[in-house]
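# Commentary on secondary and tertiary structure
So the chains spell out like this:
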There are 2 protein chains.
Amino acid sequence: MKLINRDVDYAARALVFMARANKPTVSVAEMSGKVGVAGPFLRKIMQKLAKAGVVHAVKGKGGGFAMARRPEAVTLRRLIDVLQGPLKLNDCVFRQRICQNHAGCVLRHKIAGMEQRLLAEVEAVTVRDLA
Amino acid sequence: MKLINRDVDYAARALVFMARANKPTVSVAEMSGKVGVAGPFLRKIMQKLAKAGVVHAVKGKGGGFAMARRPEAVTLRRLIDVLQGPLKLNDCVFRQRICQNHAGCVLRHKIAGMEQRLLAEVEAVTVRDLA
DNA sequence: CGGAATGATACCAAACGGGTATCATTAAAT
DNA sequence: ATTTAATGATACCCGTTTGGTATCATTCCG
Ligand code: FES
Ligand code: FES
């Protein structure tokens, strides 16, 4: 039950790299070596980040990616949301059997609480913290 | 990223059923209907619980399973450990690239903290709480 | 002995995750 | 205008995990 998958991992590394590099844009080719991940794969990740507005893409020669927000404004939660879907501990696992009505299910309620607290924690971690 | 998988779910339901039933042993046949899961599947789960000492198995006619401990002594954490492996959020996802030395990796450290707090929470939930 | 229960194991199908390859599009440099 | 360096968009592959079923062996009560 990994909290974050490889996409989030690599994205974090790339963003840290970008935050450190003092350049308007950074190309995937530049990053892939230092980040330790194959180029095409990293590109796919960066594309998702671009679509989500976390980074800004510049096409053409001399182009690349640039952070769209300041490092301290990019939370781990956002990366998780974008790259592996919203954090849901709860898939409503008991169904109408023991607890009858959804709201009354004790376990579900407890897990929901855990989810809330975990969300608050991933929200508190930013790229700035990692750089 | 489910916190618990179906095995844990079904196990919890079965254990609640057993805790409520005032009988020395309960057979899978009795439970499978009420719990809402196919017999053979539930048996496989109960076997794992028996191996782990959570329940006690009685073979032969009139046999079945009985709780080996009181409901309040069976934690959600134990069920997770037995049925889906230890709860590890952390798979050490950054490797010697950005953080260089393992101990210094900020993200890893933060996730480890989250894991600790989450473990404490699942430890606090018992079958008694669900019954 | 015969039936009712668990023990152990093997198997299967679908979903998921991590990763690669390919072609199209854009824009700067020459 | 051509070339070249970059991203955009897809399609595909494959190994692992997961949820679930089937089968046979073993034990114990009556
Ligand atoms: S009914 Fe969905 S968890 Fe109780
Ligand atoms: S080295 Fe393993 S997470 Fe930093």
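Since the structure is predicted, the reported quantities are computational estimates derived from the model, not experimental observations.

Taken together, 20 residues lie around DNA strand C, and Phe41(A), Val28(B), Arg43(B), Gln47(B) and Ala57(B) are the ones closest in. Restricting the count to atoms of DNA strand C within 4 Å of the protein gives a sugar and phosphate share of 57%. Between DNA strand C and Lys44(A), the relevant distance is 3.3 Å, taken from a base nitrogen to a side-chain nitrogen or oxygen of the residue. Taking Arg43(B), its side chain carries an N or O atom lying 2.6 Å from a base oxygen of DNA strand C.

Once that is clear, we can look at the protein's contact with DNA strand D. Around DNA strand D there are 20 residues in total, and Val28(A), Arg43(A), Gln47(A), Ala57(A) and Phe41(B) lie nearest to it. The separation between a sugar or linking oxygen of DNA strand D and a polar side-chain atom of Lys59(B) is 3.2 Å. Of all elements in the fold, only α3 (39-51) and β2 (64-67) of chain A together with α1 (6-20) and α3 (39-51) of chain B reach the threshold of two or more residues within the surface near DNA strand D. Take the surface near DNA strand D: its biggest share by element is three residues, from α3(A). Tallied by class, the residues present in the surface near DNA strand D amount to six nonpolar, six polar and eight charged.

Attention shifts here to the layout of surface pockets. Residues and elements named next belong to chain B. One number sums up the size of the largest pocket: a volume of about 150 Å³. Along the walls of the largest pocket sit Val-28, Arg-43, Gln-47, Ala-50, Lys-51 and Phe-65, which together make up its complete lining. Of all the elements, α3 adds the most residues to the lining of the largest pocket, at four residues. Looking at the lining of the largest pocket, its residues break down into three nonpolar, one polar and two charged.

This paragraph deals with the interface of chain B and chain A. For interface size, the figure often reported is the accessible area lost on association. The interface of chain B with chain A comprises 36 residues on the first partner and 36 residues on the second. Taking both sides of the interface into account, the surface hidden between chain B and chain A amounts to around 3500 Å²; carbon and sulfur atoms contribute 68%. Scanning the region where chain B abuts chain A turns up two salt bridges. Linking chain B to chain A there are four residue pairs in polar contact (both at pLDDT 80 or more). Those elements that provide at least two residues to the side of chain B that touches chain A are α1, α2 (28-35), α5 (106-124) and α6 (127-130) of chain B. Among the elements that take part in the side of chain B that touches chain A, α5(B) stands out by supplying nine residues, more than any other. For the side of chain B that touches chain A, the residue count by class is 20 nonpolar, two polar and 14 charged.

In the structure shown here, the tally under the stated rule is 14 salt bridges over all chains. Residue Lys23(B) is joined to Glu30(B) by a salt bridge in which the shortest nitrogen-to-oxygen separation is 2.5 Å. The salt bridge involving Asp81(B) is made with Arg77(B); its shortest N-O contact spans 3.8 Å. With Asp81(B) and Arg77(B) both in helix α4 (residues 76-84) and four residues apart, the pair spans about one turn of that helix. With relative accessibility at 29%, the residue Asp81(B) sits in the partly exposed group. Residues joined in a network through salt bridges with shared partners are Arg77(A), Asp81(A) and Glu123(A).

Bringing the relation of the copies chain B and chain A into the picture now. What relates the pair of chain copies is a rotation about an axis plus a shift along that axis. If you rotate chain B by 180 degrees and push it 0.0 Å along the axis, it lands on chain A with an RMSD of 0.0 Å. Such values leave the two copies arranged in the relation of a two-fold axis. For chain B, the smallest separation between a C-alpha atom and the rotation axis is recorded for Met1(B), amounting to 3.2 Å. Here 100% of the interface residues in chain B have copies in chain A that are interface residues too; the copies meet face to matching face.

A separate point is the environment of Gly113(A). Turning to its location among the elements, Gly113(A) is positioned in helix α5 (residues 106-124). Separated by 45 residues in the primary sequence, Gly113(A) and Ala68(A) place their C-alpha atoms 33 Å from one another.

Residue and element names in this part refer to chain B. Considered for burial, the residues of α2 that qualify are Val-28, Met-31, Ser-32 and Val-35. Buried positions in α2, seen along its axis, are confined to an arc of 105 degrees and lie on one side of it. Residues Ala-29 and Lys-34 are exposed on α2 and point more than 90 degrees away from its buried face. Tucked into the core, α2 has its buried residues touching α1, α3 and β2 (64-67).

Rules used throughout
- Residues numbered from 1 in each chain as written.
- Chains lettered and ligands numbered in written order.
- Predicted model: local features only at pLDDT ≥ 70, side-chain atom pairs only at ≥ 80, totals over all residues.
- Heavy atoms only, no water.
- Near = heavy atom within 4 Å.
- Polar contact = N/O pair within 3.5 Å; in protein donor to acceptor, adjacent residues only side chain to side chain.
- Helix = DSSP H or I, 4+ residues; strand = E, 2+ residues; numbered from the N terminus.
- Nonpolar A, V, L, I, M, F, W, Y, C, P; charged D, E, K, R; others polar.
- 1 Å grid on protein atoms, 1.4 Å probe; cavity = no way out; pocket = protein on both sides within 12 Å on 5 of 7 lines; lining within 4 Å.
- Points joined across faces, edges and corners; volume = space filled by probe spheres on them.
- Contact = heavy atoms within 4.5 Å.
- Buried area = accessible area lost by both parts, 1.4 Å probe.
- Salt bridge = Lys/Arg side-chain N within 4 Å of Asp/Glu carboxyl O.
- Buried < 20%, exposed > 50% of the residue type's maximum accessible area, 1.4 Å probe, protein only.
- Least-squares fit on C-alpha atoms with pLDDT ≥ 70 in both.
- Arc of directions from axis to C-beta.

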